[in-house]
Amino acid sequence: MFINIASQYFLMKIVKESKSLCPVCQKVIPMTVYEEDGVIWLKKECPVHGVFEDVYWGDAKLYYWFAEWDQEKYVGTGLENPRTKVEKGCPFDCGLCPNHKTYTILGIIDVTNRCNLRCPICFAHAGASGYVYEPSFEQIVEMMKNLRANRPWPCNALQFSGGEPTLRNDLPELVAEAKKLGFKWVCVDTNGIRVAEDIEYFKALDDAGMSSLYLQFDSTRPEVYIKTRGRDIFKYKLKVIENARKLGFDSIVLVVTLAKGVNDQDMWDIIKFAAKNSDVIRCVNVQPISFAGRAKREELKKMRITIPDFMKLVEEQSEGVVKVEDFRPVNWPVPFAKMVGVLKNKHYPLFTAHPHCGSATFILVDRKENGEVEITPITRVVDVDKLAEDCWKIAEEYKKGILGKLSIVKLLRHIKSKVIRQLIADVIKYGSYKALGKFMRSIVMIGCMHFMDVWNFDLQRVERCCIHYAVPDGRIISFCTYNSIHRPRVEKKFAIPVEEWEKKTGKKVDEYA
């Protein structure tokens, strides 16, 4: 038996060593990431609860390709003003501590854990937890101020989340306050029910300065929502699109919770839906479902969807219209932001997340008169790799004072499309949020962020997380750390029992209040 175990170990190709969490006791334990049969696996052992294995990345070749972006120049420098000290070690010091390598690019504030749905895939809403977590208006303002106090980059992108944020009647006022505090981009997460039924509430959010609506969108098939959300709510999604057109609101993001055997066959249909409605839809954001509890290796292998699996689904279902090689890691924009920063002598946000945290591409959409669409990935009209390479060169040349007048003109030679060339030239020339918004409204982004759970938790990824929650106690906590460890403790500290909340407000937890 010892010989068999030893031979299996030596047959493994070790990719890296890191640290993770025990899924049972949540203690930090060593983790080995290895290749086996063309798949990247992780293996970790808790001295108390035993060995755990999970799929880390579903395709080894794509893992190594994305690893090319795991270079020092893509790593951030963290906060100049961390909020917590290094005491217990990552991820328990999160707040953010001095060891965190990426400052906040996107701040999230949960404004309530109340919800008007009882989704089978969610166990965190007030009805299930037995308590209401709903920070006061004043607490939320302080959390926003805390995000804006970050240095060297005062976070300027904010997402109001939950629960279902639209259950709060004062959400438009919170959006307006965020804009006053200097957030350029303010987003609201929603299942769409209230903004579908109440266009005046939608208008109030729009008038207050809401930049984007993150619309939960699992499929174009009504039956999928019965599995994921407990009831058919597809009609509300369509009504949200209709209401957006009526209001002239043109920034909806479709947020897909991707589950194997539930809606994994729907990816291309969702992308085509976004393309056909690209007058109001800006992005499809896919989030593979997370797992909790104790599962067996073979069960996880069957259930786990990773970023390469998502990219392959898109290629297969689109019959090659969008290919795997059209995607790039989420930290691809770093050289572009670096270049614009040195040209403008101004700091721009650097998306220095770990390259294995997500992938994305852009598509150009040509809507035909008959309602059909022609989709072209941006990589067919832009040599994105040579563009990034030249961005690095220009940034270095400019810092050394040897930038030639034709350098930026040469940069644009990598762009075949006149429209895209002009849009990117404007972003370089003006370096403004308005110029960037004009570019983003000319394309549709297709992205996948694979947020970690206690099974596939990797501290090397966590310390480069750039999506952070602000919480009432003054801490700023990375996304995967908050949802894997800190959420219950934070919420219970500031929560009240459901019965007490209902008595105090005279409302049920699923009512607008």
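Residues numbered from 1 in each chain as written. Predicted model: local features only at pLDDT ≥ 70, side-chain atom pairs only at ≥ 80, totals over all residues. Heavy atoms only, no water.

**Student:** What is the right way to read the confidence of the model for the protein chain from this model?
**Tutor:** Any segment with low pLDDT has predicted coordinates that should not be analysed in fine detail. Residues with a pLDDT of 70 or more make up 94% of the protein chain, whose mean pLDDT is 91. Scored below 50 in pLDDT, residues 1-7 makes zero contacts in the model with residues more than four places away or belonging to other chains. (pLDDT = per-residue confidence, 0-100. Contact = heavy atoms within 4.5 Å.)

**Student:** Would you mind going over the nonpolar core with me for this structure?
**Tutor:** The biggest cluster of nonpolar side chains holds 129 residues, and the ones touching the most others in it are Ile109, Phe160, Ile252, Leu254 and Phe310. The element best represented in this core is helix H10 (residues 267-276), accounting for seven residues. What Ile252 contacts, discounting residues up to four positions off in sequence, is Leu213, Leu215, Val240, Ile241, Ala244, Val280, Ile281, Arg282 and Cys283. By size, the runner-up hydrophobic cluster in this structure holds 32 residues, among which are Val384, Ala388, Ala395 and Leu412. (Core = buried A, V, L, I, M, F, W, Y, C linked by side-chain atoms within 4.5 Å. Buried < 20%, exposed > 50% of the residue type's maximum accessible area, 1.4 Å probe, protein only. Helix = DSSP H or I, 4+ residues; strand = E, 2+ residues; numbered from the N terminus.)

**Student:** Explain the packing of helix H13 (residues 334-344) against helix H16 (residues 418-430) here, please?
**Tutor:** Each packed pair of helices is defined by two parameters, the angle between the axes and the distance between the axes. Relative orientation of the contacting elements H13 and H16 amounts to 45 degrees, with a least axis distance of 8 Å. With respect to H16, the axis of H13 lies oblique. In this structure, H13 uses Phe336, Met339, Val340, Leu343 and Lys344 to contact H16, whose residues at the interface are Ile424, Val427, Ile428, Lys429 and Tyr430. Grouping the constituent residues of the contact of H13 with H16 by class yields eight nonpolar, no polar and two charged. (Axes fitted to C-alpha atoms, helices over the stretch in contact; angles between N-to-C directions. Parallel < 35°, antiparallel > 145°, perpendicular 65-115°, else oblique. Nonpolar A, V, L, I, M, F, W, Y, C, P; charged D, E, K, R; others polar.)

**Student:** Looking at this structure, how should I read empty space enclosed by the protein?
**Tutor:** Think of a ball as big as a water molecule: rolled over the atoms, this probe shows where empty space is left. All chains considered together, the criterion is met by one cavity of 30 Å³ or more. Each pocket or cavity is described by its volume, and for the largest cavity that value is around 110 Å³. Lining the largest cavity are 13 residues; nearest its centre among them are Cys357, Met449, Phe451, Cys465 and Cys480. Here the lining of the largest cavity is built from residues that sort into 10 nonpolar, one polar and two charged. (1 Å grid on protein atoms, 1.4 Å probe; cavity = no way out; pocket = protein on both sides within 12 Å on 5 of 7 lines; lining within 4 Å. Points joined across faces, edges and corners; volume = space filled by probe spheres on them.)

**Student:** Help me understand the pattern of salt bridges in this model?
**Tutor:** When charged atoms on two side chains of opposite charge get close, those side chains can pair. For the structure on display, the rule yields 28 salt bridges. With its nearest N and O atoms 2.5 Å apart, the salt bridge here joins Asp54 to Arg304. With Asp54 in strand S4 (residues 50-57) and Arg304 in the loop between helix H11 (297-303) and helix H12 (307-317), this residue pair connects regions lying 250 residues apart in the sequence. By the burial criterion, Asp54 is buried, and Arg304 matches it. Across the pair Lys272 and Asp269 runs a salt bridge, and its minimum N-O distance is 3.8 Å. Highlighted residues: Lys272 and Asp269, both in helix H10, separated by three residues, approximately one helical turn. (Salt bridge = Lys/Arg side-chain N within 4 Å of Asp/Glu carboxyl O.)

**Student:** What is the right way to read the packing of aromatic side chains from this model?
**Tutor:** Two numbers describe a pair of aromatic rings. These are the distance of the centres and the angle of the planes. Inspection of the entire model under this criterion finds 18 aromatic pairs. Ring centres 6.1 Å apart and planes at 70 degrees place the aromatic pair Phe217 and Phe234 in the edge-to-face group. Taken together, the residues span a long stretch of sequence, with Phe217 in the loop between strand S9 (212-216) and helix H8 (222-229) and Phe234 in helix H9 (residues 234-247) at a distance of 17 residues. Per residue, the accessibility class of Phe217 equals that of Phe234, and both read buried. (Phe/Tyr/Trp six-rings, centres within 6.5 Å; stacked < 30°, edge-to-face > 60°.)

**Student:** Just to check I follow, could you spell out the environment of Ile29 for this structure?
**Tutor:** The topology assignment puts Ile29 in strand S2 (residues 28-36). Relative accessible area serves as the criterion here: at 3%, Ile29 is assigned to the buried category. In this structure the C-alpha to C-alpha distance between Ile29 and Lys19, which are 10 residues apart in sequence, comes to 5.7 Å. Ignoring anything within four residues of it in the chain, the contact list for Ile29 reads Lys19, Ser20, Leu21, Cys22, Lys44, Glu45, Cys46 and Pro47.

**Student:** Just checking my understanding: could you explain the environment of Asp279 for this structure?
**Tutor:** Its location among the elements puts Asp279 in the loop between H10 and strand S11 (281-288). The exposure class assigned to Asp279 is partly exposed, which follows from its relative accessible area of 31%. Remark: the alpha-carbon pair of Asp279 and Lys438, spanning 159 residues in sequence, is separated by 13 Å. Residues contacting Asp279, with those up to four places away along its chain left out, are Arg245, Asp250 and Arg367. A polar side-chain atom of Asp279 sits 2.7 Å from a polar atom in the side chain of Arg245. (Polar contact = N/O pair within 3.5 Å; in protein donor to acceptor, adjacent residues only side chain to side chain.)

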